[in-house]
Amino acid sequence: MPISARSSRENLLDYDSPDEAVTHLPSYEQSLREHSAEAGGFYHPSGSFVLYCREVTIFQRP
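Below is a short write-up of the structure.

Calculation rules
Residues numbered from 1 in each chain as written. Predicted model: local features only at pLDDT ≥ 70, side-chain atom pairs only at ≥ 80, totals over all residues. Heavy atoms only, no water. Helix = DSSP H or I, 4+ residues; strand = E, 2+ residues; numbered from the N terminus. Buried < 20%, exposed > 50% of the residue type's maximum accessible area, 1.4 Å probe, protein only. Contact = heavy atoms within 4.5 Å. Patch = residues over 30% accessible without salt bridge, like charges linked within 9 Å, V, L, I, M, F, W, Y side chains within 5 Å. Areas by Shrake-Rupley, 256 points an atom, 1.4 Å probe, with all protein chains shown as cover. Salt bridge = Lys/Arg side-chain N within 4 Å of Asp/Glu carboxyl O.

**Observations regarding the overall build of the protein chain**
Moving on, step 1. Of regular secondary structure, the protein chain possesses 1 helix and 2 strands.
Moving on, step 2. Listing every helix and strand of the protein chain by position from the N terminus yields β-β-α.
Moving on, step 3. The proportion of buried residues among the 62 residues of the protein chain is 11%.
Moving on, step 4. Taking the intrachain contacts of the protein chain between residues at least 6 apart in sequence as the baseline, contacts between residues at least 24 apart amount to 14%.

What follows is the structure, encoded as structure tokens:
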């Protein structure tokens with residue numbers, strides 16, 4: 001499951017690994033579509049995207 005799920009102007013889910021994200025994102029999208037349909041259609045897939053990135057150290061002070 002996500003480490004954290006925050007909601008503000010954008011929706012952000014944080015996962016520990018790419019495998020975890022690939023496993024959980026389809027069910028998240030399905031539940032979002034279902035909730036959207038019940039609430040009047042706020043979800044627009046054309047405005048959604050998924051980005052996976054890793055945190056790396058670019059500069060470390062000695």
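**Thoughts on a nonpolar patch on the surface**
Moving on, step 1. Among the surface-exposed residues, Val56, Ile58 and Phe59 lie close enough to one another that they form a single nonpolar patch of about 420 Å² accessible area.
Moving on, step 2. Along the chain, Phe59 falls in the segment after helix H1 (18–39).

**Here's the deal with the pattern of salt bridges**
Moving on, step 1. With the rule as written, the count across this model stands at 1 salt bridge.
Moving on, step 2. Across the pair Arg33 and Glu29 runs a salt bridge whose closest N-O atoms are separated by 3.1 Å. Separated by 4 residues within a single helix, Arg33 and Glu29 lie in helix H1, roughly one turn from each other.

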